[in-house]
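Now for the letters of each chain:
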Amino acid sequence: MILVTGGAGFIGSNFVLDWLANPKAEGIVNLDKLTYAGNLSTLAPLEKDSRHVFIKGDIGDSTLVAHLLQQYRPRAIINFAAESHVDRSIHGPADFIQTNILGSFNLLECTRTHWNSLPIEEQQQFRFLHISTDEVYGSLGANDTAFKESTAYEPNSPYSASKAASDHLVRAWFHTYGLPVLTTNCSNNYGPFHFPEKLIPLVILNALNEKPLPIYGDGMQVRDWLYVSDHCAAIRCVLEKGALGETYNVGGWNEKANLDVVKTICAILDELRPRANGASYAEQIRFVTDRPGHDRRYAIDASKLERELGWKPSETFDTGIRKTIEWYLGHPEWVAGVQSGSYRDWINRHYVA
Ligand code: NAD
Ligand code: TYD
């Protein structure tokens, strides 16, 4: 087995579904607290798959985590669990400190105790893969070179500061205790099952619901976008081939200004789902007050991962954004569940406590 935390969230659920799509894949124990961002209905296709064991719980619960490690003896842990939305971290940073820092600390400590108790061959095979973000590196100017693994950490939001802290803990557990860790720092993901508080799903769904498309500030902030299944492939690659204690940047070489992203979405929707009045969805764009401390530009240099481990993204932004929009148009039940909040009923019906 492998243990995945946060596997009911956006990237975690894509990872679990991709992994188990391989009939030969090992099973997954999926530990997720099911916050507002966790959506078990995404994992409904796995209901009858005995290789998927879902556990509702907190990575900060040491009794539960220790018990799961003993019971399932996973050969690897992949830590996706986090509070992940910058705007929420500005309004209420406490949950970010709790889960991203203290939760990761607890997971590391439980893992260390467990790992120390394993026979030497199992110790050598064991991996702890921590999933992090490019936001830990801070903000780039227009002419700065892209973030490398050696770029100094300069986090600017409560979210990125909490992720930076967890990255540092992971690093220290390698250097101090010899825990076999790996870290990935990825750029902005997009794709199926993305919660509509983040830019791309928010714009797709607001457009279709004839709501304003809010652009923070001047809309010229740049993000480097990666299709989520390419991120999942990178994680599998690092898990199998990554060098212990190393960090790997993951990115799609797809830098885009927010305004261009939104205009692209509008143009594709104009083609696939034209408005009844014939006008463009771009008419719904509204410039709104900027996010405090808004990072201007992120760009990832993923050449280490490409060169050393042979990973490459398979989607460009043009192919990935079209697939994403088609997915949202083709899954009205998932969208309705998220928008009405009814996806939370799954929590009561389907989890194993
Ligand atoms: P998400 O918010 O969609 O999902 C997070 C999941 O973690 C949810 O299912 C939630 O229920 C669960 N969770 C939260 N607190 C928990 C706790 N204390 N114990 C157990 N489970 C808990 O986030 P995401 O976008 O899927 O991001 C996953 C990881 O990838 C995060 O660590 C994030 O920092 C990182 N990341 C995200 C992006 C991105 O663009 N979304 C980019 C790079 C890195
Ligand atoms: P987001 O999806 O929240 O990801 P992150 O802040 O982690 O990069 O936002 C992506 C970019 O889009 C970011 O520069 C903020 C901007 N944005 C808007 O302009 N309007 C919005 O309504 C949202 C949610 C984000």
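What counts and what doesn't
Residues numbered from 1 in each chain as written. Chains lettered and ligands numbered in written order. Predicted model: local features only at pLDDT ≥ 70, side-chain atom pairs only at ≥ 80, totals over all residues. Heavy atoms only, no water. Helix = DSSP H or I, 4+ residues; strand = E, 2+ residues; numbered from the N terminus. Rg over C-alpha atoms; globule rule 2.2 N^0.38 Å. Buried < 20%, exposed > 50% of the residue type's maximum accessible area, 1.4 Å probe, protein only. Contact = heavy atoms within 4.5 Å. Areas by Shrake-Rupley, 256 points an atom, 1.4 Å probe, with all protein chains shown as cover. Lys, Arg positive; Asp, Glu negative; His and termini not counted. Charge placed at Lys NZ, Arg CZ, Asp CG, Glu CD. Phe/Tyr/Trp six-rings, centres within 6.5 Å; stacked < 30°, edge-to-face > 60°. Lys NZ or Arg CZ within 6 Å of the ring centre and 35° of its normal. Pairing = 2+ DSSP bridges. Axes fitted to C-alpha atoms, helices over the stretch in contact; angles between N-to-C directions. Arc of directions from axis to C-beta. Polar contact = N/O pair within 3.5 Å; in protein donor to acceptor, adjacent residues only side chain to side chain. Near = heavy atom within 4 Å. 1 Å grid on protein atoms, 1.4 Å probe; cavity = no way out; pocket = protein on both sides within 12 Å on 5 of 7 lines; lining within 4 Å. Points joined across faces, edges and corners; volume = space filled by probe spheres on them.

**Description of the overall build of the chain**
Turning to step 1, where the next piece is worked out: Counting secondary structure elements, the chain contains 13 helices and twelve strands.
Turning to step 2, where the next piece is worked out: A compact globule built from 353 residues should have a C-alpha radius of gyration of about 20 Å, and the chain, at 20 Å, falls within 12% of that.
Turning to step 3, where the next piece is worked out: On the principal axes, the C-alpha backbone points of the chain span a range of 65 × 50 × 40 Å.
Turning to step 4, where the next piece is worked out: Counting all 353 residues of the chain, 55% fall into the buried class.
Turning to step 5, where the next piece is worked out: Put simply, of all contacts in the chain between residues at least 6 apart along the chain, 82% involve residues at least 24 apart.
Turning to step 6, where the next piece is worked out: Counting every atom, the chain has about 14900 Å² of accessible surface; 52% of that belongs to carbon and sulfur.
Turning to step 7, where the next piece is worked out: Charge centroids of the chain, computed over 33 positive and 41 negative side chains, lie 2 Å from each other.

**Thoughts on the packing of aromatic side chains**
To describe a pair of aromatic rings, you give the distance between the ring centres and the angle between the ring planes.
Turning to step 1, where the next piece is worked out: Tallied over the full model, the rule gives 17 aromatic pairs.
Turning to step 2, where the next piece is worked out: Between tyrosine 190 and tryptophan 225, the aromatic rings sit 6.2 Å apart at their centres with planes inclined by 80°, giving edge-to-face as the arrangement. Of this pair, tyrosine 190 sits in strand 7 (residues 188-190) while tryptophan 225 sits in strand 9 (residues 222-227), placing them 35 residues apart in sequence.
Turning to step 3, where the next piece is worked out: Seen from their ring centres, tyrosine 190 and phenylalanine 317 are 5.4 Å apart, and the 55° between their planes marks the pair as tilted. Here tyrosine 190 is found in strand 7, whereas its partner phenylalanine 317 is found in helix 11 (residues 317-330), with 127 residues between them in sequence.
Turning to step 4, where the next piece is worked out: Within the aromatic cluster, the residues linked to one another by ring pairs are Tyr137, Phe147, Tyr153 and Tyr298.
Turning to step 5, where the next piece is worked out: Stacked on the ring of tyrosine 177, the Lys or Arg arginine 112 has its end atom at 3.7 Å from the ring centre.
Turning to step 6, where the next piece is worked out: Directly above the aromatic system of tyrosine 248 lies the positively charged group of lysine 304, at a separation of 4.7 Å from the ring centroid.

**Looking at the sheet that holds strand 6 (residues 181-186)**
Turning to step 1, where the next piece is worked out: Spatial strand order, 3-2-1-4-5-6-10: seven strands in an open sheet with parallel pairing. On the outer flanks of this sheet lie strand 3 (52-56) and strand 10 (247-250), each paired with one strand and no other. On average, adjacent strands in this sheet sit at an angle of 20° to one another, irrespective of strand direction.
Turning to step 2, where the next piece is worked out: When strand 2 (residues 28-32) meets strand 3, the two strands line up parallel, connected through five bridges. Bridged to valine 29 within strand 3 is valine 53.

**Brief notes about the sheet that holds strand 7**
Turning to step 1, where the next piece is worked out: A sheet is described by the order of its strands in space; here three strands give the open sequence 7-9-11, paired in mixed fashion. On the outer flanks of this sheet lie strand 7 and strand 11 (255-257), each paired with one strand and no other. In this sheet, adjacent strand axes meet at a mean angle of 50° when their direction is disregarded.
Turning to step 2, where the next piece is worked out: For strand 7 and strand 9, the ladder comprises three bridges, and the chain directions are parallel. Looking across to strand 9, one finds that tyrosine 190 is bridged to tyrosine 227.
Turning to step 3, where the next piece is worked out: The strands touched by helix 9 (residues 258-272) within the sheet are strand 9 and strand 11, with strand 11 carrying the most contacts at an inclination of about 85°.

**So, helix 2 (residues 62-72)**
Turning to step 1, where the next piece is worked out: Considered for burial, the residues of helix 2 that qualify are Leu64, Val65, Leu68 and Leu69. Down the axis of helix 2, the buried side of the element spans an arc of 130°, and every buried residue falls inside it. Exposed and oriented more than 90 degrees from the buried face of helix 2 are Thr63 and Gln70.
Turning to step 2, where the next piece is worked out: Residues of helix 2 that are buried in the fold lie against strand 1 (2-5), strand 2, strand 3, strand 4 (76-79) and helix 4 (94-116).
Turning to step 3, where the next piece is worked out: Backbone nitrogen of threonine 63 and a side-chain oxygen of the N-cap are separated by 3.2 Å at the start of helix 2; the cap is aspartate 61.
Turning to step 4, where the next piece is worked out: Count one or two residues on from helix 2 and you reach arginine 73, which has phi positive near 40°.

**Quick word on the site of ligand 1**
Turning to step 1, where the next piece is worked out: Of all residues adjacent to ligand 1, which total 28 residues, the nearest are Ile11, Asp32, Ser84, Tyr159 and Lys163.
Turning to step 2, where the next piece is worked out: Between ligand 1 and isoleucine 11, the relevant distance is 2.8 Å, taken from an oxygen atom to a main-chain nitrogen or oxygen of the residue.
Turning to step 3, where the next piece is worked out: Out of a free accessible area of 840 Å², ligand 1 has 97% covered by protein chains.
Turning to step 4, where the next piece is worked out: Secondary-structure elements contributing two or more residues to the shell around ligand 1 are helix 1 (10-20), strand 5 (127-133), helix 6 (158-177) and strand 7.

**Digging into the layout of surface pockets**
Turning to step 1, where the next piece is worked out: The computed volume of the second largest pocket comes to approximately 270 Å³.
Turning to step 2, where the next piece is worked out: What lines the second largest pocket is a set of 13 residues, among which Glu149, Tyr153, Arg171, Gly245 and Thr247 lie closest to the centre.
Turning to step 3, where the next piece is worked out: Among the secondary structure elements, those contributing two or more residues to the lining of the second largest pocket are helix 6 and strand 6.
Turning to step 4, where the next piece is worked out: Top contributing element to the lining of the second largest pocket by residue count: helix 6, with five residues.

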